[in-house]
Amino acid sequence: MKANDMKRLEKRLKGISADKILDVATGRGEFIAMMMPSLGKFNKFVGIDSEERAIAFSNQQFKDAPVEAIKMDAQKMDFADGEFDIVAISNSVHHMDRPKRVINEMLRVTKPEGLIFISEMFRDGDQSKAQKNHVFMHHWCAQIDRRVGIPHHATYSRERLERFAGSLGLEDIEFYLIDYKEKAPVEAVEKTIAILDPYHERIKNHPDYVKLGIEKERIKKRLIRHGLGSSARLFIIGKKPVR
């Protein structure tokens, strides 16, 4: 596998045409926005999420595009079996307590021989200090989230992510390594540092407030010294078998 498979992935996606595509845990629709110009042809995207604000933002963002965002539980989708040609999930597997329940629902609503896309950041490998800052910050945010009752876990290792994909019963699994070493602009680093304090204040009455505050200050120093990069991720494509 090449150090960065982005060009190979771009070629692969351009060769894919689909009628209906589902994006699970769509958030603000970032993955849909990335996929729209990347695929060869498509007719409609549907995004589902449990957060009302994310759904409202996504519907506003895509108001002139063939995209519909719906509030829905990913563990119990209101779609028919085999309704979608492609079902995708991006950077959300590590947010879930029971990811296989979600994947099973994704498989149910995918057509036989349809495609599953999984795009997920991972924590290890030959990543730069700026990329590792992304991982450290993400894991710190996950600790805050868990203390306020939001499911959010440490990101997987690359090996665990590959094992996870291999356990799903997909056929013809393809792995694409996406690993950019470029640093974010200074302005982006400053904005990132600025959000850490208010994020931390969400647990101001929690016993771990001080401990996570010390960790926060270490992250700030690392960001100032080494900058911020985008963590490496795997883009996984697998085919739903015909049973």
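That block above? That's the structure.
Definitions and limits used
- Residues numbered from 1 in each chain as written.
- Predicted model: local features only at pLDDT ≥ 70, side-chain atom pairs only at ≥ 80, totals over all residues.
- Heavy atoms only, no water.
- Helix = DSSP H or I, 4+ residues; strand = E, 2+ residues; numbered from the N terminus.
- Rg over C-alpha atoms; globule rule 2.2 N^0.38 Å.
- Buried < 20%, exposed > 50% of the residue type's maximum accessible area, 1.4 Å probe, protein only.
- Contact = heavy atoms within 4.5 Å.
- Lys, Arg positive; Asp, Glu negative; His and termini not counted.
- Charge placed at Lys NZ, Arg CZ, Asp CG, Glu CD.
- Phe/Tyr/Trp six-rings, centres within 6.5 Å; stacked < 30°, edge-to-face > 60°.
- Lys NZ or Arg CZ within 6 Å of the ring centre and 35° of its normal.

Engineer: How do you make sense of the overall build of the protein chain when you look at a structure like this?
Structural biologist: Within the protein chain one finds eight helices and seven strands. Expected size for 243 residues packed as a compact globule is a radius of gyration near 18 Å; at 19 Å, the protein chain falls within 12% of this value. Counting only residues that meet the buried cut, the protein chain has 49% of its 243 residues in that class. If you take every contact in the protein chain between residues at least 6 apart in sequence, the share linking residues at least 24 apart comes to 78%. Each charge class in the protein chain can be summarised by its mean position, and for the 43 positive and 36 negative side chains these summaries are 4 Å apart.

Engineer: It is not clear to me how the packing of aromatic side chains should be interpreted in this structure. Could you clarify?
Structural biologist: Between two aromatic rings, the relevant description is the distance of the centres plus the angle of the planes. Evaluated as defined, the whole model comprises six aromatic pairs. On the basis of an interplanar angle of 45° and a centroid distance of 6.2 Å, the ring pair of W140 and Y199 is categorised as tilted. Highlighted residues: W140 in helix 5 (residues 129–147) and Y199 in helix 7 (residues 186–200), separated in sequence by 59 residues. Here Y156 and F164 contribute two aromatic rings whose centre-to-centre distance is 6.1 Å and whose plane-to-plane angle is 85°, an arrangement assigned as edge-to-face. Here the two residues Y156 and F164 agree in accessibility, since each one is buried. Aromatic rings pair up to connect F31, F117 and F235 into one cluster. Taking the ring centre of F84 as reference, the NZ or CZ of K20 above it sits at 4.9 Å.

Engineer: Which parts of the structure should I look at to understand the environment of G29?
Structural biologist: On the secondary structure map, G29 appears in the loop between strand 1 (17–24) and helix 2 (30–35). For G29, a relative accessible area of 0% corresponds to the buried category. The spatial distance from the C-alpha of G29 to the C-alpha of S119 is 14 Å, given a sequence separation of 90 residues. Once you skip the residues sitting within four places of it in the chain, G29 turns out to touch S58, Q61 and F62.

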